[in-house]
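Letter by letter, the chains look like this.
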Amino acid sequence: MMLVLGVYTLFSFLYVIFLGRVRKAWWSLRQANVEQPASVSFPFVTVIVPVRNEAQHLPDLLNDLLAQDYPDDRWELIVVNDGSADGTAAIAADFFHSHPNRGGLLNLPDREGGSKKQAVAMAIANAKGEWILTTDGDCRVGPSWLTTMAQGMSPGRTMLAGPVNLVGSPDFLGILQTAEWIGLQCIGAAGIYRGRNFFCNGANLAYRKQAFTESGGFTRSKKRLSGDDTDLLLQFSRSWPGSIGFQSGTGAIVETFADDGIGSAFSQRHRWASKIPVALTTVTLLISLIAWLSHAGFLAALCIMFFSPIAAFVVLPVFFLKVLAEYLLLKDGADYFGHRVSFGLILAAQPFYALYITLVGAAAVFLPYTWKGRKGR
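Read on for an overview of the structure. (Residues numbered from 1 in each chain as written. Predicted model: local features only at pLDDT ≥ 70, side-chain atom pairs only at ≥ 80, totals over all residues. Heavy atoms only, no water.)

A word on helix α12 (residues 312-337)
Step number 1: With 26 residues, α12 extends 36 Å between its outermost C-alpha atoms, agreeing within 8% with the 38 Å of an ideal straight helix rising 1.5 Å per residue.
Step number 2: Where α12 ends, the next residue or the one after it, glycine 338, has phi of about 85°, a positive value. (Helix = DSSP H or I, 4+ residues; strand = E, 2+ residues; numbered from the N terminus. Expected span 1.5 Å × (residues − 1).)

The structure is reproduced here in structure tokens:
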């Protein structure tokens, strides 16, 4: 019993320290973005949108891209259809028929087997842009998205990550997904700002085409369905340390939508977590272990409290300190993304979130995931 309580206490304190460092870095990043003057250059950008069965969402994204305030002659759009079985390809074809100067549609050959990495690589091979900027078919972007991201495409930069906002339903599950997403965005952005790169999001990611080619692209991890973002981030980190940035200007925010239902949400997070075992660095391993042991330890501590109530004198102070650290970070992130989080919500979610973290962490190591009808690890 004492060993379990000791592990829970130790790793919870480490988790609190980690969250405090993330919050400090997040504030520094936001301040640095405010003080940085806007770039007046307009590099030629190729926007790449890999799609698979996105007929429901793609029209909105295409309309958003048409409304960009970026000079029309300084960017192009490539949509890559990755084996869609709905009307996605037809929607994209009609769009480029109406806007022939905007770019074009590519279809990934069936013989390729299909994956997001193969779709992006195919588009890059046909891209004219100096910079590649990727997003997903189920996302929405504001009119200044391209312009704001371009402000961070400085001469010494090889990669630029951008913020992604999750729009969830107003029910308890949707609110929890949004809160979790806010934390992940803050952690990823803070890591990039501090030069501790361990993950980013392909829904809003820019990089130099030349750097992609020189790094070998996705050749080292092309067999994996996922990881078109994090794998590339780590690859660039090794090749060009110090050249990766995060654009925190609010005009750069991309919106995506939360999954409906517990099963769908769990499957998506299983896929995200599955990147960790195959893209480990010392930093990701340490952070993953601290987070997992803190949450799994909490579940074990609850069981101990049930049989030995005196353990509450150890468990509860540590528990409330952890909740406070999470709330402060999530509140900062929520203010940035235009959401609201309450201390009561974070408190009430703790048992559910601890169970979720424990299960997802175990599934990521031992079980394959399913993504849009395909299985991977």
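Things to note about the sheet that holds strand β2 (residues 75-81)
Step number 1: The mixed open sheet is built from 7 strands, whose spatial order is β3-β2-β1-β4-β8-β6-β9. The sheet is open, and its two edges are formed by β3 (103-107) and β9 (244-246), each paired on a single side. Taken over all neighbouring pairs, the strand axes of this sheet differ in orientation by 20° on average, direction set aside.
Step number 2: The pairing of β2 with β3 spans 5 bridges and is classified as parallel. Residue pairing in the sheet places isoleucine 78 in a bridge with glycine 104 of β3. (Pairing = 2+ DSSP bridges. Axes fitted to C-alpha atoms, helices over the stretch in contact; angles between N-to-C directions.)

Some words on a nonpolar patch on the surface
Step number 1: Together, Leu10, Leu14 and Ile17 line one region of the surface with nonpolar side chains, adding up to about 260 Å² of accessible area.
Step number 2: Within the secondary structure layout, leucine 10 lies in helix α1 (residues 2-35).
Step number 3: The partly exposed category is assigned to leucine 10, whose relative accessible area is 47%. (Patch = residues over 30% accessible without salt bridge, like charges linked within 9 Å, V, L, I, M, F, W, Y side chains within 5 Å. Areas by Shrake-Rupley, 256 points an atom, 1.4 Å probe, with all protein chains shown as cover. Salt bridge = Lys/Arg side-chain N within 4 Å of Asp/Glu carboxyl O. Buried < 20%, exposed > 50% of the residue type's maximum accessible area, 1.4 Å probe, protein only.)

Digging into the sheet that holds strand β10 (residues 254-257)
Step number 1: Spatial ordering of the open sheet is given by β5-β10-β7, a layout of 3 strands whose pairing is mixed. In this open sheet, the two edge strands, each paired with only one partner strand, are β5 (140-141) and β7 (164-167).
Step number 2: In terms of strand pairing, β7 meets β10 through 4 bridges, oriented parallel. Note that in β10 the partner of leucine 166 across the bridge is threonine 256.
Step number 3: Against the sheet, helix α6 (residues 172-193) makes contact with β7 and β10, and its axis sits at roughly 175° relative to β7, the strand it touches most. (Contact = heavy atoms within 4.5 Å.)

Brief notes about the pattern of salt bridges
It is possible for side chains bearing opposite charge to pair when their charged atoms get close.
Step number 1: According to the stated counting rule, one finds 9 salt bridges in the structure shown.
Step number 2: Where aspartate 332 meets arginine 23, a salt bridge forms, and the shortest distance between an N and an O atom there is 2.5 Å. In this pair, aspartate 332 is assigned in helix α12 and arginine 23 in helix α1, connecting sequence segments 309 residues apart.
Step number 3: Aspartate 332 sits in the buried class, given a relative accessible area of 10%.
Step number 4: With a relative accessible area of 29%, arginine 23 lands in the partly exposed category.
Step number 5: Two residues, aspartate 60 and arginine 140, come together in a salt bridge whose shortest N-O distance is 3.9 Å. You can see aspartate 60 sitting in helix α2 (residues 58-66) and its partner arginine 140 sitting in strand β5, a full 80 residues away along the chain.

Observations concerning the packing of aromatic side chains
Step number 1: Overall, the coordinates contain 15 aromatic pairs when judged by the stated rule.
Step number 2: Measuring from centroid to centroid gives 6.3 Å for tyrosine 8 and phenylalanine 298, while their planes differ by 40°, and the two rings are tilted. Placement of tyrosine 8 in helix α1 and of phenylalanine 298 in helix α11 (residues 282-307) is noted, with a sequence separation of 290 residues between them.
Step number 3: On the numbers, 5.1 Å between centres and 85° between planes, the contact of tryptophan 26 with tyrosine 336 is edge-to-face. Here tryptophan 26, found in helix α1, pairs with tyrosine 336, found in helix α12; they are 310 residues apart in sequence, far enough to count as distant. Of the two residues, tryptophan 26 and tyrosine 336, neither departs from the other in class, the shared state being buried.
Step number 4: Taken together, the ring pairs connect Tyr207, Phe212, Phe218, Phe236 and Trp240 into an aromatic cluster.
Step number 5: For arginine 102, the ring lying beneath its charged end belongs to tryptophan 75, and the centroid distance is 3.9 Å. (Phe/Tyr/Trp six-rings, centres within 6.5 Å; stacked < 30°, edge-to-face > 60°. Lys NZ or Arg CZ within 6 Å of the ring centre and 35° of its normal.)

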